[in-house]
Amino acid sequence: MSRTGKIAPEQLPILFVKNLNYEVSSDALWKLFDPGEDGLIRQIRQGISVDAKGTAYVVFWNVMDAKNALEKLNGYNFQNRYLVVLWHQPEKTLKSKDDLQARKDNLAQLKMKHGID
């Protein structure tokens, strides 16, 4: 999305949510993102691994509903935590996984070089 508030034509209707309470239920998330139960959401995927706890992907049926939710809920205090709601960026996710593997490889080389187990 640009700074003018316009949505790019290729934008996916998927939001990435951070800073969730680890104990949040999926029902609570559905009520938060679709309070009128209008069927705006296709699915919600919560992070369950150690690295992904406190995060979720919310998939909407259309981009405008996702945009409205992003504008209303980014910075919203939910269960005593301020939510961070962002557009999902698949290319950034793939890049960060590649960066992580490169950093792991570098760490392994350094451990080997310095004799650390």
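All figures in this text were calculated on a predicted structure; none of them were measured in a lab. Numbering of residues starts from 1 in every chain and runs along the sequence as written. Per-residue local features of the predicted model are confined to residues with pLDDT of at least 70, and side-chain atom pairs are confined, for both listing and counting, to 80 or more; whole-chain, interface and lining totals are unaffected and use all residues. Excluded from the side-chain calculations are hydrogens and water; all other atoms, namely the structure's heavy atoms, are used.

Chemist: So what's going on with the overall build of the protein chain? Residues and values would help.
Modeler: In DSSP terms, a helix is any run of H or I states spanning at least four residues, a strand is any run of E spanning at least two, and both are numbered starting from the N terminus. A count of helical and extended segments in the protein chain gives three helices and six strands. Listing the helices and strands of the protein chain from first to last along the sequence gives β-α-β-β-α-β-β-β-α. For the protein chain, the residues scored as buried account for 28% of the 117 residues in total. Under the convention used here, a 1.4 Å probe and the Shrake-Rupley method define accessible areas, while residue burial counts only the protein chains that appear. By element, 52% of the accessible surface of the protein chain is carried by carbon and sulfur atoms, the whole surface being about 8600 Å². Residue exposure (1.4 Å probe, protein chains only): buried if accessible area is under 20% of the type maximum, exposed if over 50%, otherwise partly exposed.

Chemist: Any chance you could break down the packing of aromatic side chains for me, citing the residues and the numbers?
Modeler: For Phe, Tyr and Trp, rings pair up if their centres lie within 6.5 Å, where Trp contributes its six-membered ring, and each pair is then called stacked (planes under 30 degrees apart), edge-to-face (over 60) or tilted (otherwise). Going through the model one piece at a time under the given rule, you end up with two aromatic pairs. Ring geometry for Phe16 and Tyr57: centres 5.0 Å apart, planes at 40 degrees, overall tilted. Pair noted here: Phe16 is in strand S1 (residues 14-18) and Tyr57 is in strand S3 (residues 56-60), with a separation of 41 residues, a long-range link. Under the relative-accessibility criterion, Tyr57 is labelled partly exposed at 27%. Ring centres of Phe33 and Phe60 lie 6.3 Å apart, and the angle between their planes is 70 degrees; on these two criteria the pair is classed as edge-to-face. Here Phe60 lies in strand S3 and Phe33 lies in helix H1 (residues 26-33), a separation of 27 residues in the sequence. As far as the burial class goes, Phe33 and Phe60 line up, both buried.

Chemist: A description of the nonpolar core should follow, citing residues and the corresponding values.
Modeler: By nonpolar core we mean a set of buried residues, namely Ala, Val, Leu, Ile, Met, Phe, Trp, Tyr and Cys, connected to one another through side-chain atoms within 4.5 Å. If you look at the biggest cluster of nonpolar residues, it comprises 21 residues, and the most contacted ones within it are Leu15, Leu20, Leu29, Phe33, Phe60 and Phe78. Counting residues per element, the ones that place at least two in this core are S1, H1, strand S2 (41-46), S3, helix H2 (63-73) and strand S6 (84-87). In this structure Phe78 touches Leu20, Val24, Ala28, Leu29, Leu32 and Leu83, once residues within four positions along its chain are discounted. Residues count as neighbours in contact if any of their non-hydrogen atoms are within 4.5 Å of one another.

Chemist: Describe the sheet that holds S2, with residues and values.
Modeler: An order of S2-S3-S1-S6 is seen for the four strands of this open sheet, with the pairing classed as antiparallel. Two strands lie at the open edges of the sheet, namely S2 and S6, each paired on one side alone. Direction aside, neighbouring strands of the sheet carry axes that sit 20 degrees apart on average. Here five bridges tie S2 to S3, and the two strands are oriented antiparallel to one another. Across the sheet, residue Gln43 finds its bridge partner in S3, namely Val59. The axes used here are C-alpha line fits, helices contributing only the stretch in contact, and every angle between their N-to-C directions lies in the interval 0 to 180 degrees. Across the sheet, H1 is in contact with S1, S2 and S3; its angle to S2 comes to roughly 135 degrees. On top of the sheet, H2 reaches S1, S3 and S6; it is set at about 150 degrees to S6, its chief contact. At least two DSSP bridges between two strands are required for those strands to pair.

Chemist: Account for the pattern of salt bridges, naming residues and giving values.
Modeler: Basic side-chain nitrogens of Lys or Arg form a salt bridge, by our definition, when they fall within 4 Å of a carboxyl oxygen of Asp or Glu. Evaluation of the coordinates by the stated rule reveals one salt bridge. Put simply, Glu71 and Lys67 hold a salt bridge, and the shortest N to O gap is 2.9 Å. One end of the pair, Glu71, and the other, Lys67, are both in helix H2, four residues apart, so they sit about a helical turn from each other. What makes Lys67 buried here is its relative accessible area of 14%.

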